[in-house]
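Fold and contact review
Listed below, chain by chain, are the residues.
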Amino acid sequence: MSFRHLRAVIRKEINHILRDRTTFVLVMLVPTAMLFIMAYALTVDIKHVPIAVLDYDRSPTSRAFIQQVTEGEDLDLYAQVDSLDDIDNLLTRGEIKAALIIAPDFEHDLLSLRGIPLQIIVDGTEPKSGGFAVDHIGGRAEEFISEALASRIRALNVNVSLDSLQPIDLRVRALYNPSLKPRVDIIPGLISMVLGFPALSVALTLAHEREHGTLEQVLVTPVGRAEFLLGKMIPYIIVGLANVIIMPAIARVTFHIPFNGSFPLFFLLSAVFLFAILSMGMLVGVFMPTQPAALALSFLVIFFPGFFMTGIFFPIASMPAEMRMEAMSLPGTHYATITRGVFLPGVGLDVLWPNVLALLGMGIAFTAVAALSFRKKLG
Amino acid sequence: MSFESANEVPPIIETHALTRDFKKTRAVDSLDLSIRPGELFGLVGPDGAGKTTTLRLLAGLLNITSGSAKVAGYDLARQPEAIKRKIGYMAQQFNLYGELSVLENLSFFADLYDVEVSELRERTERLLAFAGLTEFKDRRAAQLSGGMQKKLALACTLIHQPEILLLDEPTTGVDPISRREFWDILTDLNLAGTTIVVSTPYMDEADRCLRVGLMYEGRMVVCADPQQIRARIEGELIELRPDDWQAACALIESLPGVLEVQTYGNLLHVLVDSADKRLPEIETALRKHGLTYRGVRRVTPRMEEAFISLIRRLEVD
Amino acid sequence: MFKRIWSLAAKEFLHLLHDWWMPSFMLFGGVIELLAVGWATSRPMTNLPLMVLDQDRSAASRAIVTALENTGTFAFEAQAPNMAAVQDALDRSKVNAAVIIPPGFDSKLASPTGRPSLAVLLNGAESTPATAALRAVTGAVREMGQRIALRRLGLDADEFAGFDASLRVWFNEALNEAFYTTPAELGLMLEFTTLLFAALSFSRERELGTLEQLLVMPFSSLEIIIGKSIPTILVAFSDFVLMLGAVHFVFGIPVRGSLILLLALAFGYLLVELSKGLVISVVSRSQHQAFLLVMMVGMTDFMFTGYAAPVESMPRVMQIVANVVPAHHWLTILRGILLKGAGLDVLWPNILALAVLGLVIGTFSLRYVRRALD
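Throughout what follows, the structure given in this document is the object of discussion. Predicted model, so just to flag it, every value in this text is computed and none were measured.

A few words now on the overall build of chain A. Per the secondary structure count, chain A includes 15 helices and five strands. Whereas a compact globule of 379 residues would reach a radius of gyration of roughly 21 Å, chain A reaches 29 Å, over 25% beyond that. Dimensions of chain A, computed from the C-alpha atoms along their principal axes, are close to 95 × 45 × 40 Å. Within the span of chain A, comprising 379 residues, buried residues form 63% of the whole.

Shown next as structure tokens:
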């Protein structure tokens, strides 16, 4: 490995990135802008979910219950309807996300403590707002039952405290994210996804040199394969690291995400991740002859998996075994663990070392395979 | 000095049955080539004859399908990296970094070729001066004219003072003045001892080479010095400028003693067995058919006629 | 004119054959990706690692653990020896939840007025599984509590119909996660394929210097645009049909509405995205730039589709913006036809919106690209 060769390639590549201002601005801006846009989408708190109510009971109790359900900003009473057909129609049009149906003997059953005969119909294609409506109605129903029970007990005048009717005192505490807001952990996770973007740029650079013929002139020089590939990657690691400084700041200032760990450690581990993911980009670049091909393949092996399969949105533990293996072989999975760990519990290397080792191993393996598969030949 | 008497000097480039196949075609077919140190060797042939593939093979840019080759004493298949320090290769199209300046391109290649840092400054300045690029050294390569781009590319291939230069049509698309300058540079380099292998579509350039190889369908069909190639033309040459060249061409081809008629725009080159005998006959025939013409004369055959004549004969076979 | 357009399109197809990587990735990559992502993520949350610190070791504590296991949400990871082990496992994100059963749990539960506490610690660093864990724990504990409460009140459990509302899920009776995720992913995949393919069309020729050559040929700019768009349209549309087949046959996503209507609207939507892609294509000076712009545009659209966050919960301004994003209407249409069996009578507002947006974007694109080419 000649340091001089490496430095020459790095300098050339940096000049290449800097000289085309528009591309430079985009390369720098896109990851941060993406984080900003997606983080913003995640800060949207679900409220004002439209529902319809079909009240067969029409009793004072049912009216009180409806009143209680639609109070506040969470659910909006879109319509009181008279038939199931109306509900069907409204759900199909997407005008409501859920419907509450109160059975004819609602008041009777509730007051005699036989149960709470109500039905919720929910739009199964909208699980976010639908699920929210179900949880909300369920919660209100529980409160309603407690009140009914309390009055019933008072009427019976038995020596039972209300507390003992909820015999298990469930105390839930969510560590690191007390109100379990998705954005608190998904935003750090997304950093791993958007930091993968430079890898797509790296995949393009080799094809760019192929298409423009500049590769031919480099191939006749004595430059080493690893020197050339690393030299092309390092400038993009620098670009990525600039984003590593900006992104936690945005997460903290704009979206109020805590950062409990050590920033120098985070910076260092981000560099390791960038090395791993950019090697992956380089590997794609080595095999793809043109820029569109390199782009298409890196979309398939870097972008989409980085989005869906790194455990940011969907837990890896719940994936099928084969997909779990696939997820563990993606650099983004390990880095997402690192970002969440450093941001939230604020853990250090003592906890994260297996992920760091995995990233280092991937980076070295991908670079080695790329350098070995990269023939200093044309065609 | 004649090279025939210098046989004891080992060749600097030597190939034996060098062959390269692409998917559907055999681009280079059993090439045997021997080039001595200090030679200026020209590669000519029609498009697709395998000139570029030959040069790329010698530069180590392509894998060999079969056969063997030695360049600068190293085996081409086994020691391509060792060869790279000894050669300079310049591709047909502009292959430098357009967004880098002239100077940045030069220093990039200087670094990759490990040019001694102590010599770097002096050598860069000399090459810039030599290529006439000193005042443009901060201009981006993409903004240079075609001729200047070629000279910059040559300067970049010379930065490590290679023993062998492999140049693929270095003057294609360059204006005549730049072309001449470029060849003056090549001649100087050659006189200084650099071995040069150059492919060219221009026969006047081939004429400046010490030896010329004519390639056709991947094979080297003739390899000799320019005089010998010219001498291979059978018969003598008459040049004339008829007003209706198509009719004149058809007529002359049917005359006895006419071996071949070549057209150059509206000029006709007629190869005949004996010019003294056939020239009056042609003039008579043209007059008889009412075909007017100007400037009929005997000329000595050039590389160009020799080349076309050789190719024609190959195409007939 | 058709002959000339055809000759241009034929030239494009030759290029595609020569550079076959790109079209084949576009064609089959989307399908493979959709299957892989769908397979990995379209399932209920199960197998979440759970840790138990049982300081009671009684019948009741075992009953709690069994009840939690029966929810199907958890995979029992380990019995923790002490609190420090629980904290450590949560710090390392080794478990999503931990249940701590205090000493005396059983005896307190047995006494008529006893109210033992049960602590649940969740790993908030992974909020999605933590929320699922919370829901499962709450449900299991409440059910258990109810049974005990009824016993204490001396009520007959058989007569009691339960305090849970009955839930019916329409359009997705089996609560199949795939019904929600895969149509959205299918719609997005179509958007990205079309945008990317279209965005590379002119930027690539410009970068490689072949655009000038194309422009000096005797074609009108309209012919050039159409000729270059035909391969994009064909590849993207075939991709959509393949992906639709894949989600239908592999994930059992129904097509409850009219297939013809769906294909027609997919085609229309594709033209809208194509128009956007062509504008990106002439604005960009290199393929790299075009790719970066596609990312910006595509991901911004993604935010307004309602997939990541419900649009009706966004601030008013954002809701208005969402209405001018074609992908927003496209996803509504796609889900409507596939899952709800909706037809023109229901979807006309979205179709109309898509048509108007298409007309505006298409006209702008055509004029802009023509001016850029002339």
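Time to look at the nonpolar core. Burial of nonpolar side chains together is a common tendency in soluble globular proteins. Within the largest apolar cluster, 287 residues are counted, with the highest numbers of intra-cluster contacts made by A:Phe299, B:Leu166 and C:Met299. It is helix H7 (residues 177–208) of chain C that provides the largest number of residues to this core, a total of 16 residues. C:Ile101, C:Leu122, C:Ala130 and C:Ala133 belong to the second-largest nonpolar core, a separate cluster that totals 28 residues.

Further remarks concern the pattern of salt bridges. Residues and elements named next belong to chain B. Scanning the model with the defined rule gives 47 salt bridges over all chains in all. Between Asp204 and Arg179 there is a salt bridge whose closest N-O contact spans 2.7 Å. With a gap of 25 residues between them, Asp204 in helix H7 (residues 203–207) and Arg179 in helix H6 (residues 176–191) connect regions that are remote in the sequence. Given the relative accessible area of 46%, Asp204 is considered partly exposed.

A few words on the interface of chain A and chain C. Listed by partner, the interface residues are 109 residues for chain A and 110 residues for chain C. Summed over both sides, the interface between chain A and chain C buries roughly 9900 Å², with carbon and sulfur atoms accounting for 68% of that surface. Area buried by chain A at its contact with chain C is led by A:Thr125, A:Pro167 and A:Ile168, which between them contribute 7% of it. The tally of links between chain A and chain C comes to four salt bridges. For A:Asp123, the salt bridge is made with C:Lys340, and the minimal N-O distance between the two is 3.1 Å. Our enumeration of links across chain A and chain C arrives at 24 residue pairs in polar contact (both at pLDDT 80 or more). A per-element tally of the side of chain A that touches chain C places helix H12 (residues 291–308) of chain A first, with 13 residues. Pairing geometry for strand S5 (residues 169–175) of chain A and strand S4 (residues 117–123) of chain C, over seven bridges, is parallel. Paired with A:Arg171 across the bridge in S4(C) is C:Ala119.

On to the side chain of A:Thr339, then. Residue and element names in this part refer to chain A. Within the secondary structure, Thr339 sits in helix H14 (residues 331–343). Separated by 3.0 Å, the side chain of Thr339 and the backbone oxygen of Pro188 make a polar contact. Apart from residues lying up to four places away in sequence, Thr339 is in contact with Pro188, Gly189, Ile191 and Phe266.

Cut-offs and rules
Residues numbered from 1 in each chain as written. Chains lettered and ligands numbered in written order. Predicted model: local features only at pLDDT ≥ 70, side-chain atom pairs only at ≥ 80, totals over all residues. Heavy atoms only, no water. Helix = DSSP H or I, 4+ residues; strand = E, 2+ residues; numbered from the N terminus. Rg over C-alpha atoms; globule rule 2.2 N^0.38 Å. Buried < 20%, exposed > 50% of the residue type's maximum accessible area, 1.4 Å probe, protein only. Core = buried A, V, L, I, M, F, W, Y, C linked by side-chain atoms within 4.5 Å. Salt bridge = Lys/Arg side-chain N within 4 Å of Asp/Glu carboxyl O. Contact = heavy atoms within 4.5 Å. Buried area = accessible area lost by both parts, 1.4 Å probe. Polar contact = N/O pair within 3.5 Å; in protein donor to acceptor, adjacent residues only side chain to side chain. Pairing = 2+ DSSP bridges.

Function cannot be read off these values alone, since they describe shape.
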